[in-house]
Amino acid sequence: MAPFDFAPLARRYAQGERLRVNLREPDHNRVRPEPFDKAQDRLREAESKGAPSSSRLNLAGFCATVPHMSSTLIKNIGTLVTGMLEDPLRDADSVLVADGVIQEIGNGLSGGADRTIDANGTTVVPGLIDSHSHPTFGNFTPAQNSMGWITHYMHGGVTSIISAGELHVPGLPLPPDPLCAVSLAIVAKRCWDNLRPTGVRVHGGTLLLVPGLEEKDFDTIDGAGIRLVKFIFYDYSLLPTGEAERYVKWARARDIKVKIHSGGVSRSGVSQVAGVDIVKAIDPDVIGHSTGGPIPMPEEDLRRIVAETEYYVEICTSGNLRMGMVLTEAVRQHGAEARVLVGTDTPGGTGVVPRGILREICFLASLGGITPEHAVAMATGNTGRAHGLDLGIIAEGRPADLVIMDRITGSVSTDALDSFAKGDLPGISVVMIDGELTVAGRSQQTPPPERGVVISG
Ligand SMILES: [Zn+2]
């Protein structure tokens, strides 16, 4: 991320504008809009105490953005799903959003917001996070020659996307050499920092780990703000050299998470096979598509990963349904619900699946023995926590990424959560990202919910 340029803001502030800035601290648990001068003072004070320069502070997650200056009151909420596994439902019927951040949650909130959304007794959940995506550049995927796919996913409730590697770039040598892998990660990261199709955050630039990388390469990606690396094309016959172990150590030293492609070979045909033994030897943070993407590891390997390790385990739209049942059974047996992440592993051979995350929540809640509110948490708060992001949680101080949904007319369910429990898709009426409405009344990708919302202001 480029150093935050205060100069234009300073000019506007000097001209009397009541400017505020969101400062996201390194622990990125809280985001609060602050008056411009106060925010600037805090950054300068940190620097005077020996903290790295402001550019470095940005890279450490001390991220300054200019918030949207609008406010929205969502009232008459029937069910508020928090995205927090330990406390998944909150007794509240109103959420006040201002400057892109959730300011207040309670019952019967009223007041002078710029805009009011009457949720009409329906359900509010956090914006969904796709834990495993394969973007390339922009709102186009060469994997299925599809334009606008990120916008379509947003209409399926997805507000953030985490790249599992930009490996669909046409002509990319597979595996890439170290320079190519690092260069691609940097270019992708820079581009995604600068582009949010329909408001969707894309955490891009995930480094594909290949033999021959050096520690300075990890400095380079750290400096660019990249927070994820992935084993997929690495040659595991090199494990005895200790190189992969060093990669994991270098990543951890920089607070960069490590993901591994698990199971059989991918569509590329050149990825490496990884079951429990390889996974344990690598010691990653996240087991990518643990139930297959598309080919899973053997059943016993998956059971052992759940029982014997603490790794996050993804379930993806690209996976094997039978192994999804194996995973959920093992997760329930070992109380490992906090380790389950939900992704699509698309675009790819599975296609472009805008309702993919919704379908995974349906699977978990209707067949996997997971409560619907916990299934939502797996697709939101769990994924945010696993990747060190402050996303996927509805709580005061968090970014205002929300989805409003209800049962679809004709469903045997009573509301959105009951729809998930019965395996029915809910219908989406509203998607909000950073406090701004990106879907206002009707999703293009779900049938309309039975109870609509009323938006005024
Ligand atoms: Zn993948």
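Source: prediction; values computed, not measured. (Residues numbered from 1 in each chain as written. Predicted model: local features only at pLDDT ≥ 70, side-chain atom pairs only at ≥ 80, totals over all residues.)

## What about the overall build of the protein?
1) Next: Counting its regular elements, the protein contains 14 helices and 25 strands.
2) Next: Out of the 457 residues belonging to the protein, those deemed buried represent 52%.
3) Next: Within the protein, contacts between residues separated by at least 24 positions form 72% of all contacts whose residues are at least 6 apart in sequence. (Helix = DSSP H or I, 4+ residues; strand = E, 2+ residues; numbered from the N terminus. Buried ≥ 20, exposed ≤ 12 C-beta atoms within 10 Å, placed from the backbone. Contact = placed C-beta atoms within 7 Å.)

## Re the nonpolar core
1) Next: If you look at the biggest cluster of nonpolar residues, it comprises 115 residues, and the most contacted ones within it are V124, L207, L209, I361, A375, A379 and V403.
2) Next: Here the element with the most residues in this core is helix α11 (residues 356-366); it accounts for 7 residues.
3) Next: Shared between two domains, this core takes at least three residues from each, and those domains are domain 2 (71-126 + 393-456) and domain 3 (128-354).
4) Next: Apart from the residues within four sequence positions on either side, A375 is in contact with I361, L364, A365, I370 and F420. (Core = buried A, V, L, I, M, F, W, Y, C linked by C-beta atoms within 7 Å. Domains from an automatic or database assignment.)

## Points about the sheet that holds strand β10 (residues 123-126)
1) Next: The 6 strands are arranged β6-β5-β10-β22-β23-β24 in an open sheet whose pairing can be described as mixed. If you trace the sheet from one side to the other, it starts and ends with β6 (89-90) and β24 (436-440), each paired once.
2) Next: Two elements, strand β22 (residues 402-406) and strand β23 (residues 427-433), share 5 bridges in a ladder whose sense is antiparallel. Note that in β23 the partner of I404 across the bridge is V430. (Pairing = 2+ DSSP bridges.)

## A closer look at the confidence of the model for the protein
1) Next: Mean pLDDT over the protein works out to 90, with 88% of the residues at or above the 70 mark.
2) Next: Across residues 52-65, confidence stays below pLDDT 50; counting only partners more than four residues off in sequence or on other chains, it has 34 contacts. (pLDDT = per-residue confidence, 0-100.)

## A word on helix α6 (residues 215-223)
1) Next: Residues of α6 that are buried: D217, F218 and I221. For α6, the angular spread of the buried residues around the axis is 100 degrees, confining them to a single face. Away from the buried face of α6 by more than 90 degrees, exposed residues K216 and D219 are located.
2) Next: On its buried side, α6 packs onto α5 (178-193), β16 (207-209) and α7 (243-253). (Arc of directions from axis to C-beta.)

## Here's the deal with unusual backbone geometry
1) Next: Across the junction of L174 and P175, the peptide omega takes the value -5 degrees, indicating a cis bond.
2) Next: Topologically, P175 is positioned in the loop between β14 (158-163) and α5.
3) Next: Even without glycine at this site, D255 takes up a positive phi of about 60 degrees.
4) Next: On the secondary structure map, D255 appears in the loop between α7 and β18 (257-261).
5) Next: The backbone of D283 shows a phi angle near 60 degrees, a positive value even though the residue is not glycine.
6) Next: Summarising the element assignment, D283 is placed in the loop between α8 (276-282) and β19 (286-288).
7) Next: Under the C-beta neighbour-count criterion, D283 is labelled partly exposed, with 15 such atoms within 10 Å.

## Regarding the environment of S413
1) Next: Position of S413 among the secondary structure elements: in the loop between β22 and α14 (416-422).
2) Next: Classification of S413 as partly exposed rests on a count of 19 C-beta atoms within 10 Å.
3) Next: For the pair formed by S413 and D424, sequence separation is 11 residues and the distance between their alpha carbons is 7.8 Å.
4) Next: Each residue touching S413, except ones within four places of it in the same chain, is listed here: R407, D418, S419, K422 and D424.

## Side note on the pairing of β23
1) Next: Here β23 lies mainly inside the structure; 7 of its 7 residues are buried.
2) Next: Pairing analysis gives 4 bridges linking β23 to β24, with the strands arranged antiparallel. Residue pairing across strands places I433 opposite E436, the latter belonging to β24.
3) Next: Linkage of β23 to β24, two consecutive antiparallel strands, is achieved through a turn of 2 residues, within which D434 is found at a positive phi near 50 degrees.

## Comments concerning the environment of T159
1) Next: For T159, the position within the fold is in strand β14.
2) Next: A count of 28 C-beta atoms within 10 Å places T159 in the buried class.
3) Next: Ignoring anything within four residues of it in the chain, the contact list for T159 reads G127, L128, M154, V200, R201, D401, V431 and I433.

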